[in-house]
Amino acid sequence: MNDKQENIHAAASPADCVRMAKRNNWKLKRTKPNGDRILSTDCIFEGEQTTFEDTTYDNER
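Just so we're clear, the structure is a prediction, and the values are computed from it rather than from any experiment.

In terms of burial, strand E3 (residues 41-46) is a largely internal element, five of the six residues being buried. Pairing between strand E1 (residues 6-11) and E3: six bridges, direction antiparallel. Looking at the pairing, Glu6 lines up with Glu46 of E3. Examined bridge by bridge, strand E2 (residues 28-33) and E3 share five bridges and lie antiparallel to one another. Counterpart to Leu28 in the pairing with E3 is Phe45.

Before going further, it helps to spend a moment on the pattern of salt bridges. Tallying each qualifying case throughout the model produces four salt bridges. As a salt-bridge pair, Arg30 and Glu6 come within 3.0 Å of each other at their nearest N and O atoms. Linking Arg30 in strand E2 with Glu6 in strand E1, this pair joins segments that are 24 residues apart in sequence. Notably, a salt bridge pairs Asp16 with Arg19, separated by 2.3 Å at the nearest N-O pair. Taken together, the residues span about one helical turn, with Asp16 and Arg19 both in helix H1 (residues 14-24) at a distance of three residues. The network of salt bridges with common partners includes Glu6, Lys29 and Arg30.

In this structure, Asn25 takes a positive phi of about 55° despite not being glycine. Within the secondary structure, Asn25 is located in the loop between H1 and E2. The exposure class of Asn25 is exposed, given its relative accessible area of 72%.

What follows deals with the sheet that holds E1. Read from one edge of the open sheet, three strands run E1-E3-E2, paired in antiparallel fashion. Of all strands in the sheet, those bounded by a partner on one side alone are E1 and E2. Averaged over all pairs of adjacent strands, the angle between strand axes in this sheet comes to 25°, irrespective of strand direction. Along the sheet, H1 contacts E1, E2 and E3; its crossing angle with E3, the most-contacted strand, is approximately 30°.

Thresholds applied
Residues numbered from 1 in each chain as written. Predicted model: local features only at pLDDT ≥ 70, side-chain atom pairs only at ≥ 80, totals over all residues. Heavy atoms only, no water. Buried < 20%, exposed > 50% of the residue type's maximum accessible area, 1.4 Å probe, protein only. Helix = DSSP H or I, 4+ residues; strand = E, 2+ residues; numbered from the N terminus. Pairing = 2+ DSSP bridges. Salt bridge = Lys/Arg side-chain N within 4 Å of Asp/Glu carboxyl O. Axes fitted to C-alpha atoms, helices over the stretch in contact; angles between N-to-C directions. Contact = heavy atoms within 4.5 Å.

See below:
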């Protein structure tokens, strides 16, 4: 794995980053403020970027 790859997701607080890491079995590298009013913290995890894309309605037409 490339050590420089980072998986970044926003959260409401650094504590939420810790919970996200535990829930998804990711290693949290660091957190940093991002200036957003609601999801104000960027959680930076090791590894390839992932997405929480909602595919609920993808098969409906």
